[in-house]
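# Breakdown of the fold
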Number of protein chains: 2
Amino acid sequence: MKLAKLVGDRFKERPADCVIDSHALMVRGGYIKYVAGGIYSSYLPLRKITRKIEQIIREEMDAIDGQEVQFPVALPASLWEESGRYASVGKELLRFTDRNGSPMVLGMTHEEAAVQLVREYGQTYSKYPFMIYQIQTKFRDEARPRAGLIRVREFTMKDAYSFHTSQEDLEAYYERCHKAYERIFARVGIPEVISVASDSGMMGGSLSHEFMLLTPAGEDTIALCDSCDYHANVEAAENITTPRRDAVSAPLSMVETPDAHTIDEVCAFLGGTPEKSCKAVVYQRCDDDRYIIVFLRGDLEVNETKLTNYLGCEIRPAAITEDCGLCAGFIGPYGLKGAFTVLMDLSLKEENNLICGANRTGYHYTGLDVSRDLNQTEYHDFTKITDGGICPHCGKKTIRLSRGIEVGNIFQLGDKYTKAMHMEYTDSEGAAHTPIMGCYGIGVGRLAASVCEAHHDDYGPIWPLSIAPWQVHLCAIRADNEDVRAFADNLYREFTETHIEVIYDDRIVSAGVMFSDADLLGVPFRVIVSPRNLKEGCCEIASRDKTFQKKVPLADVLAAVKELVGA
Amino acid sequence: MKLAKLVGDRFKERPADCVIDSHALMVRGGYIKYVAGGIYSSYLPLRKITRKIEQIIREEMDAIDGQEVQFPVALPASLWEESGRYASVGKELLRFTDRNGSPMVLGMTHEEAAVQLVREYGQTYSKYPFMIYQIQTKFRDEARPRAGLIRVREFTMKDAYSFHTSQEDLEAYYERCHKAYERIFARVGIPEVISVASDSGMMGGSLSHEFMLLTPAGEDTIALCDSCDYHANVEAAENITTPRRDAVSAPLSMVETPDAHTIDEVCAFLGGTPEKSCKAVVYQRCDDDRYIIVFLRGDLEVNETKLTNYLGCEIRPAAITEDCGLCAGFIGPYGLKGAFTVLMDLSLKEENNLICGANRTGYHYTGLDVSRDLNQTEYHDFTKITDGGICPHCGKKTIRLSRGIEVGNIFQLGDKYTKAMHMEYTDSEGAAHTPIMGCYGIGVGRLAASVCEAHHDDYGPIWPLSIAPWQVHLCAIRADNEDVRAFADNLYREFTETHIEVIYDDRIVSAGVMFSDADLLGVPFRVIVSPRNLKEGCCEIASRDKTFQKKVPLADVLAAVKELVGA
């Protein structure tokens, strides 16, 4: 098609509200338009990209015996009541009522709908295993949509659900899907995506992996071991700490610490280090507002995912009121009184000579010896793994933290949904069993944005050929020149006839305007027809990623382009 | 793929709740599953059909310079407030609030979203005309979903929006789109679809057409002229009546009509005919509950669409209460008192010697002469055209009524949305104007169901090759026979390698079970491998529509099938 007719504006200025490059480039290049928080419309170039991504995903899902189906976007609440998630999932599940007052939800994931679709079909063991998937709109009422297409409220997702009669069969299929995901990410142009162990969260089940594109723009933090192949989301990574117990325990003494509020101020004032202090972090349960106090080593941070999983309930940072019984800034485990849930992190186990709060404004203790002074027997891992920390797999201190975007995930769900929704099959002897499930997701728009994040320069995206909106960008510089016009028009016709996907810029604008628009559209190959080139009897062919640029004799242009795009 | 692995159940019994064949066959054949009223999930065979339909639509939209975009399913209410439709559209617009309490709607049509997407882009005349379209999920909270995929609440729709600087340009594009629609319906296998003039309803604008598949299962009624090419939805068809004024007017006399409540009873009692009576039909406005009384000839029916358009407001059948001032069953135009809106249909103009209610229980008038007795000067067309009625185009009494399913529609919207939403462009002189729009819709699922309605027998759908879930259904009868298994497996491999879309039934089941399943899947061509055929050195190839059945030598099967499917 002709660029002059492409709907959407392109511009140079980086929009002020864009914190990551892919967001800025997609706005600047006429890919997306903001409609409401976390809700965008797409223009043609993005729609072409997402359709190609969808087709790649579809081919790979079909290749592992997936069957494409379609579930509704709007689902009756009763389905989510069957699974128990209508009550357990928070506000990200958008609930509403229809004209008859029936409660409904917007599908944010479709385990319930999948079980509903196959509950009768899957009544006999001989039907198993099978996998169904859809590529469909989802809505997740995120509290903080951000970063363009990375975290939105409405998005297109491929979600797949597999059904099995044994854990072994699920594991074998999970592995096939893992490999299919690797092929998908490689085909869309980001083979560097890694899979990391992850937390299963509200999905339930035991084992799950996230596929991560490592990039500073990511919103997840990944722990990678430089000595072995350990990868995990920090949410899921076990944090191992080295005990530092001193040979001699000092006596427990209360000391005045005026004007020292933070761990660092207290340590500086008392001449200690955060590693030898015990800090408190306070939460409240979302269900009954009760206080949870986590004590941990002063240099570590709470991993709220581990805490939530341990408690089995959502939590929020506590509101410490005057009458809650807690002495903000001076909370310590010794002599703490009140109906609080007190949790001790493993990093404190057997530690001594610690600084901690004295539960009295302006006072701390020194010399806390947890085994001597506290009546605490249970210690759990509630902290985040740290950069330079100990690898839970190989034990070396070679953990490196990296940011990543989650571009896909796979879960072994077990029988959480099939059991709750009473799906059963009979085996060859006629005995009834509950099938087990796996589920497998990829966000299409986020994947497009991730590819852009991985492949761009200051001037625009550099789309891989497999998902580029067009394969060739034909520029007629000085299209008012008769020879240029005639040759370029002819090339355009030839490309079109050869089924080469071409965007043709024949506007009467400067080469600068033309090239900056071409940079924003990020088409892999550019063919430049200009009076100067024609005088030399050639065209210029260049790649968007700047790896090559060459002059090709006029008669060879079509053949050269065909070879480049594999037509 | 192998039929044994196809997810979904097929069965013989017609479900009791299915009023039309396509619904019954889609349930029986494992195409759809009921989730909630007007909400279905699709299994693989339907998803394959809808994907092919979508691709045909996409190609035809691209061929008329359409650009595929994507709008959100969930839209901020503010967009619909800009156009005024947030208030004017009824409960079919599903309204809800998000977690922050912001009002939102589920998109049932996307004029507002289309204007929002291109409002800045279209600021200069040189950008026009342009057309954008999407193929996306819509939700319309229908009061009475029915007939399977024909009238649902959630559906996939192709909706297109064109923008123009002149009415002539809009009309020229409208015509191109009309032709594209004809190509689409022909390509999916229902070239018999006709376009009919239609009412524009809540869309606004002046001219619109619906594309109708004529079938008794349809829920629309179409007026067709047997003498000329006039086609119109009865909602939009002008009703022309022949004046029947008698030479002499009898005097107006009140007569007692005990126990006569219906028009027919009154006419029988008084020795008149419905054609010479004046009946009343009473409505209430939905906005302020005021009563609307329509008087019309006794043999005609009110066309509520015309009435709604005239009033500019939704109406409902009236609740005639004891104190509303109306005398139910005896309402007449003479001596009627009260704050009612009284409307006279054209069919009564200059009529005389009519029977009508006397606004007194148990009494009617005879001898009503509307020009003599009533002070009424305005008459409008509020009635439905009738079978055998007068064609508004050629004037002959050759109107025939037929039922139809609306498979598509096109509207000339004018500036309703662009004006309300302040979209403007400057012309070559720098003067500001409001662009005008057209919009063009096709429901994908309804189109699939319509094709099924047009092409099926008692045993299942007969899918046209262009949209069939598979091209070939390969049946291995007695797959436990070694020769059958070997030959059929080999054919399956050859078909697959040749990219022929094949479903392979190699189950150890009877030929009867195999064929009834094949009938339900409706694949155009069937290849049957059986011990008997093999003994004769051939396979049987048959078409699902039963137009042919032949034996083909084994060596020629692949070539014959390739020719049939055009591979």
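Reading the values: rules and limits
- For every chain, the first residue of its written sequence is number 1, and the numbers climb from 1 along that sequence.
- Note on labels: chains are lettered from A, ligands numbered from 1, in written order.
- For this predicted model, a pLDDT threshold of at least 70 governs which residues receive local features, and a threshold of 80 or more governs which side-chain atom pairs are given and counted, while totals over whole chains, interfaces and linings are taken from all residues.
- Elements are defined by DSSP. Helices are runs of H or I of four residues or more, strands are runs of E of two residues or more, and each kind is numbered from the N terminus.
- With C-beta atoms placed from the backbone, a residue is buried if 20 or more other C-beta atoms are within 10 Å of its own, exposed if 12 or fewer are, and partly exposed between those counts.
- Any residue pair is listed as a contact if its two C-beta atoms, each placed from the backbone, are within 7 Å.
- When DSSP finds two or more bridges between two strands, those strands count as paired.
- A fitted line through C-alpha atoms represents every axis, and for helices the fit uses only the stretch in contact; the resulting angles, taken between N-to-C directions, go from 0 to 180 degrees.
- Orientation is classified from the angle alone, with under 35 degrees giving roughly parallel, over 145 giving roughly antiparallel, 65 to 115 giving roughly perpendicular, and any other angle giving oblique.
- Two helices cross in a left-handed way if the nearer one is turned anticlockwise from the farther one by less than a right angle. They cross in a right-handed way if the turn is clockwise.
- Charged residues are taken to be Asp, Glu, Lys and Arg, nonpolar residues to be Ala, Val, Leu, Ile, Met, Phe, Trp, Tyr, Cys and Pro, and polar residues to be all remaining types, Gly included.
- Least squares is the method for superposing the copies, and the C-alpha atoms it fits come from residues with pLDDT of at least 70 in both.
- Each domain span listed reflects an automatic or database assignment of domains.
- The pLDDT score gives, residue by residue, the confidence of the prediction method on a 0 to 100 scale.
- An arc is given here, and it is the one of the directions from the helix axis to the C-beta atoms.

## Some thoughts on the overall build of chain A
- Helices and strands together make up the secondary structure of chain A, namely 15 helices and 30 strands.
- A principal-axis box enclosing the C-alpha atoms of chain A has dimensions of 95 × 70 × 50 Å.
- Relative to its 567 residues, chain A shows a buried fraction of 47%.
- Across chain A, every contact between residues at least 6 apart in sequence was considered, and the portion connecting residues at least 24 apart equals 72%.

## Some thoughts on the sheet that holds strand E6 (residues 103-106) of chain A
All names here are of chain A.
- Pairing within the open sheet is antiparallel, and its three strands lie in the order E4-E6-E5. Across the chains shown, the open sheet's two edge strands, defined by having one partner strand only, are strand E4 (74-76) and strand E5 (95-97). Across the sheet, the mean angle from the axis of one strand to that of its neighbour is 40°, orientation sign disregarded.

## Description of the pairing of strand E23 (residues 436-443) of chain A
All names here are of chain A.
- Counted residue by residue, E23 has eight buried out of eight residues, so it is predominantly covered.
- The alternating pattern of E23 places Ile 436, Gly 438, Tyr 440 and Ile 442 and Met 437, Cys 439, Gly 441 and Gly 443 on opposite faces, both of which are buried.
- Bridging between strand E8 (residues 154-164) and E23 involves eight bridges; their strand directions are antiparallel. For Lys 158, the partnering residue across the bridge sits in E23 and is Ile 442.
- As judged from the five bridges shared by strand E20 (residues 399-414) and E23, these two strands associate in the antiparallel manner. Bridging from a neighbouring strand, Phe 411 pairs with Cys 439 of E23.

## Focus on the packing of helix H2 (residues 44-63) of chain B against helix H6 (residues 167-187) of chain B
Residues and elements named next belong to chain B.
- At their nearest, the axes of H2 and H6 sit 10 Å apart, and the two run at 155° to each other. The orientation of H2 with respect to H6, classified from their angle, is roughly antiparallel. With respect to the hand of their crossing, H2 and H6 are arranged in right-handed fashion. Contacts from Ile 56, Ile 57, Glu 60, Met 61 and Ala 63 in H2 reach Ala 180, Arg 183, Ile 184 and Arg 187 in H6.
- Across the contact of H2 with H6, the residue classes tally to six nonpolar, no polar and three charged.

## Notes on the relation of the copies chain A and chain B
- When chain A is fitted to chain B, the residual RMSD is 0.3 Å, and the transformation amounts to a turn of 179° plus an axial shift of 0.1 Å. Here the symmetry operator amounts to a two-fold rotation axis. For chain A, the residue whose C-alpha comes nearest the rotation axis is Phe96(A), separated from it by 3.1 Å.
- With an isologous cut-off of 70% or more, the 98% of interface residues of chain A that recur at the interface of chain B puts this contact in the isologous class.

## A word on unusual backbone geometry
- Residue Pro129(A) follows Tyr128(A) across a cis peptide bond; omega there is -10°.
- Locating Pro129(A) in the fold gives a position in the loop between helix H5 (111-118) and strand E7 (130-139).
- The phi dihedral of Asn359(A) falls on the positive side, at around 60°, and the residue is not glycine.
- On the secondary structure map, Asn359(A) appears in the loop between strand E18 (354-357) and strand E19 (363-368).
- Despite not being glycine, Glu350(B) shows a phi value in the positive range, around 65°.
- By C-beta crowding, Glu350(B) is classed as exposed, having 11 other C-beta atoms within 10 Å.

## Structural notes on the packing of H2(B) against helix H11 (residues 444-454) of chain B
Residues and elements named next belong to chain B.
- Look at H2 against H11: their axes get within 10 Å of each other, and the N-to-C directions meet at 110°. Considered as vectors, H2 and H11 are oriented roughly perpendicular to each other. Residues Leu 46, Ile 49, Thr 50, Ile 53 and Glu 54 of H2 form the contact with H11, whose participating residues are Val 444, Gly 445, Leu 447 and Ala 448.
- Looking at the contact of H2 with H11, its residues break down into six nonpolar, two polar and one charged.

## Structural notes on the domain arrangement of chain A
Residues and elements named next belong to chain A.
- Considered domain by domain, chain A is made up of domain 1 (3-237 + 401-453), domain 2 (253-373) and domain 3 (472-565).
- For domain 1 versus domain 3, the separation of C-alpha centres amounts to 39 Å.
- Contact residues are listed per partner, giving seven residues for domain 1 and nine residues for domain 3.
- Residues belonging to the side of domain 1 that touches domain 3 are distributed by class as follows: three nonpolar, one polar and three charged.

## Here we look at the interface of chain A and chain B
- With 42 residues of chain A at the contact, the number on the chain B side is 41 residues.
- Secondary-structure elements contributing two or more residues to the side of chain A that touches chain B are strand E1 (32-36), strand E2 (39-42), helix H2 (44-63), strand E3 (66-68), E4, H5 and E7 of chain A.
- Classifying every residue of the side of chain A that touches chain B gives 24 nonpolar, seven polar and eleven charged.

## Some thoughts on the confidence of the model for chain A
- Averaged over all residues, the pLDDT of chain A is 93; the fraction at 70 or higher stands at 99%.
- Two numbers describe this predicted complex: its pTM, 0.90, and its ipTM, 0.89.

## So, helix H13 (residues 511-521) of chain A
All names here are of chain A.
- All buried positions along H13 are accounted for by Met 514, Asp 517, Ala 518, Asp 519, Leu 520 and Leu 521.
- Lining the buried residues of H13 we find helix H1 (21-28), H2, strand E25 (460-461), strand E26 (472-476), strand E27 (502-505) and strand E28 (525-529).
- Downstream of H13 by one or two residues, Gly 522 has phi in the positive range, about 65°.

## Quick word on the sheet that holds strand E4 (residues 74-76) of chain B
Residues and elements named next belong to chain B.
- As summarised here, the arrangement of the three strands in space is E4-E6-E5, forming an open sheet in which the pairing is antiparallel. What marks the edges here is a single partner per strand, and that holds for E4 and strand E5 (95-97). Adjacent strand axes in the sheet meet at a mean angle of 40°, parallel and antiparallel pairs treated alike.
- Bridge analysis of E5 against strand E6 (residues 103-106) gives three bridges, and the strand direction is antiparallel. What sits directly across from Arg 95, in E6, is Val 105.

## Overview of helix H7 (residues 263-270) of chain B
Residue and element names in this part refer to chain B.
- Among all positions of H7, only Ile 263, Val 266 and Cys 267 are buried. Each buried residue of H7 sits inside an arc of 95° when the element is viewed along its axis, so together they form one side.
- Considering only its buried residues, H7 is in contact with strand E14 (277-285), strand E18 (354-357) and strand E19 (363-368).
- Where H7 terminates, the next one or two residues include Gly 271, which has phi positive at roughly 75°.

## With respect to the environment of Ile190(B)
Residues and elements named next belong to chain B.
- By the element assignment, Ile 190 lies in the loop between H6 and strand E9 (194-197).
- A tally of 21 C-beta atoms within 10 Å means that Ile 190 is categorised as buried.
- Here the alpha-carbon distance between Ile 190 and Ala 454, two residues 264 residues apart in the chain, equals 7.4 Å.
- Setting aside residues up to four positions removed in sequence, Ile 190 forms contacts with Phe 185, Leu 213, Ser 450, Val 451 and Ala 454.

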